[in-house]
Amino acid sequence: KSCPSRGRPRRQRNDGCARAPAVTKVHLVDGTYELYRAYYGAPKALVAGHEVGATRGILRSLLSLVREDGVTHAGIAFDHVIESFRNELFSGYKTGEGVPEDLMSQFALAERATQALGVVTWSMIEFEADDALATAASRFSEAPGVEQVLICTPDKDLAQCVKGRRVVRLDRMRRLLLDEAGVVEKFGVPPESIPDWLALVGDSADGIPGIPRWGEKAASTLLARFGRIEDIPDDPARWGVPVRGAAALAAGLAGLREEAALYKTLATLRRDVPLTETLDDLEWKGARREELQALCREIGDDEFPSRV
């Protein structure tokens, strides 16, 4: 008797066909990135004087994800507010300044939309969405039955969470998957050195200025050699690798050790966000139909629920 293939794994079968224990891939979505992408890429839509186009866009993007073969468990994280505990550590860290008002106004709406779609939604206030994704990746990658965790974002910050091929970063739009070997190839350093790399090079998206004159090549070369900023000697004669402008780079870092340590702290994602969900909670079982229909009426998209 042949055993038919099914897209969604089942715990039990009663048709006499033996089946190996199901393995699970967990998809963790950067909701803030998805909302920005939808805002700039999806058609605008004004309903009752409010812009809702990005919310419509993120609903379609997330539905497309959970419809893919093998996608069974998913969670999405948003920056409910742009500011976080990092703003208390460094006044120059990113804020909501400059974010279009009709985009900011859709964050809460988008969170309601993804919840109505039935996807576990984390709304970050003290922490950032990236911290929630890092925490979830660390926790669920060790859960029994999990084969792989895919962090769905192109954000370079999340590269620090990559672990072998068990935790990977997925750029959904470009269909590019980054495993640990890919991180080393792209950045010149392993995942655990990404916060050091960002501290030296800087990250304009997060307001981290970096250390003057330190570019990507120098940072990659020295961190590949020493691993951590703290272990890079002040004396360039001890570096043991050729770096252009070594004397100036060494002097610049020596004078800004405290700043470099702060920037590294800002770039290091937290893995202790108090997420309450279990792996079973992340299994997508379909939309919350009434909530979804009500929300779609609110955003003038009555046709969407029929597609779910």
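For the structure, check the block above.
What counts as what
Residues numbered from 1 in each chain as written. Predicted model: local features only at pLDDT ≥ 70, side-chain atom pairs only at ≥ 80, totals over all residues. Heavy atoms only, no water. Helix = DSSP H or I, 4+ residues; strand = E, 2+ residues; numbered from the N terminus. Buried < 20%, exposed > 50% of the residue type's maximum accessible area, 1.4 Å probe, protein only. Polar contact = N/O pair within 3.5 Å; in protein donor to acceptor, adjacent residues only side chain to side chain. Contact = heavy atoms within 4.5 Å. Axes fitted to C-alpha atoms, helices over the stretch in contact; angles between N-to-C directions. Left-handed = near helix turned anticlockwise from the far one by under 90°. Nonpolar A, V, L, I, M, F, W, Y, C, P; charged D, E, K, R; others polar. Core = buried A, V, L, I, M, F, W, Y, C linked by side-chain atoms within 4.5 Å. Parallel < 35°, antiparallel > 145°, perpendicular 65-115°, else oblique. Salt bridge = Lys/Arg side-chain N within 4 Å of Asp/Glu carboxyl O. Pairing = 2+ DSSP bridges. Phe/Tyr/Trp six-rings, centres within 6.5 Å; stacked < 30°, edge-to-face > 60°.

Caption draft 1: Just the side chain of Thr121, in detail. Relative to the elements of secondary structure, Thr121 occurs in strand β5 (residues 120-124). With a relative accessible area of 12%, Thr121 lands in the buried category. Engagement of the side chain of Thr121 in a polar contact is seen with the side chain of Thr114, the distance being 2.8 Å. A distance of 2.9 Å separates a polar atom in the side chain of Thr121 from the backbone oxygen of Val119. Beyond its immediate sequence surroundings of up to four residues, Thr121 is in contact with Ile76, Phe78, Glu111, Thr114 and Gln115.

Caption draft 2: Quick look at the packing of helix α8 (residues 194-201) against helix α9 (residues 216-226). The interhelical angle for the contact between α8 and α9, taken along N-to-C directions, is 145 degrees, at an axis separation of 9 Å. Viewed along their axes, α8 and α9 form a crossing whose handedness is right-handed. Residues Asp196, Trp197, Leu200 and Val201 of α8 form the contact with α9, whose own contacting residues are Glu216, Ala219, Ser220 and Leu223. In terms of residue class, the contact of α8 with α9 is built from five nonpolar, one polar and two charged.

Caption draft 3: Broad picture of the nonpolar core. Counting 38 residues, the largest nonpolar core has Leu35, Leu59, Leu62, Ile76, Val119, Leu292 and Phe304 as its most contacted members. Those elements that provide at least two residues to this core are α1 (31-41), α2 (53-67), β4 (73-79), α5 (107-116), β6 (146-152), β7 (167-171) and α12 (289-298). It is α2 that contributes the most residues to this core, seven residues altogether. Aside from chain neighbours lying at most four places away, what touches Phe304 is Leu59, Arg60, Leu63, Leu117, Leu292 and Cys296. Of all hydrophobic cores here, the second largest spans 32 residues; its members include Leu198, Phe226, Ile232 and Leu266.

Caption draft 4: A look at the packing of α8 against helix α11 (residues 257-267). Following both chains from N to C, one finds α8 and α11 inclined at 125 degrees, their axes separated by 8 Å at the closest point. In this view, α8 runs oblique relative to α11, as classed from their interaxial angle. In the crossing of α8 with α11, the sense of the turn from one axis to the other is right-handed. When α8 is examined against α11, the residues Pro195, Asp196, Leu198 and Ala199 are found in contact with a partner set consisting of Ala260, Tyr263, Lys264 and Ala267.

Caption draft 5: Geometry of the pattern of salt bridges. Summed over all chains, the structure comprises 21 salt bridges. The shortest N-O distance in the salt bridge between Arg257 and Asp234 comes to 2.7 Å. Note that Arg257 is positioned in helix α11 and Asp234 in the loop between α9 and α10 (246-254), a separation of 23 residues in sequence. Exposure remark for Asp234: the relative accessible area of 45% places this residue in the partly exposed category. A salt bridge links Arg270 to Asp272; its shortest N-O distance comes to 2.9 Å.

Caption draft 6: The arrangement of the sheet that holds β5 in detail. Taken in spatial order, the six strands of this open sheet run β5-β4-β1-β6-β7-β8, and their pairing is mixed. Strands at the two margins of the open sheet, each flanked by one partner only, are β5 and β8 (176-178). Strand-to-strand twist in this sheet, taken as the mean axis angle between neighbours without regard to direction, amounts to 25 degrees. Relative to β7, β6 runs parallel, the two being bridged by four bridges. Across the sheet, residue Ile151 finds its bridge partner in β7, namely Arg169.

Caption draft 7: Up close: the packing of aromatic side chains. Within the structure shown, the criterion is met by six aromatic pairs. Ring geometry for Tyr39 versus Tyr40: centroids 4.8 Å apart, planes at 90 degrees, classification edge-to-face. Assessed through its relative accessible area of 9%, Tyr39 is described here as buried. Relative to Phe127, the ring of Phe85 lies with its centre 5.9 Å away and its plane at 70 degrees, an arrangement referred to as edge-to-face. Of this pair, Phe85 sits in the loop between β4 and α3 (86-89) while Phe127 sits in the loop between β5 and α6 (129-140); the two residues are 42 residues apart in sequence, bridging distant segments of the chain.

Caption draft 8: Just the environment of Phe304, in detail. With respect to the helices and strands, the residue Phe304 is situated in the segment after α12. The exposure class of Phe304 is buried, given its relative accessible area of 0%. Placed 232 residues apart in sequence, Phe304 and Thr72 show a C-alpha to C-alpha distance of 21 Å.

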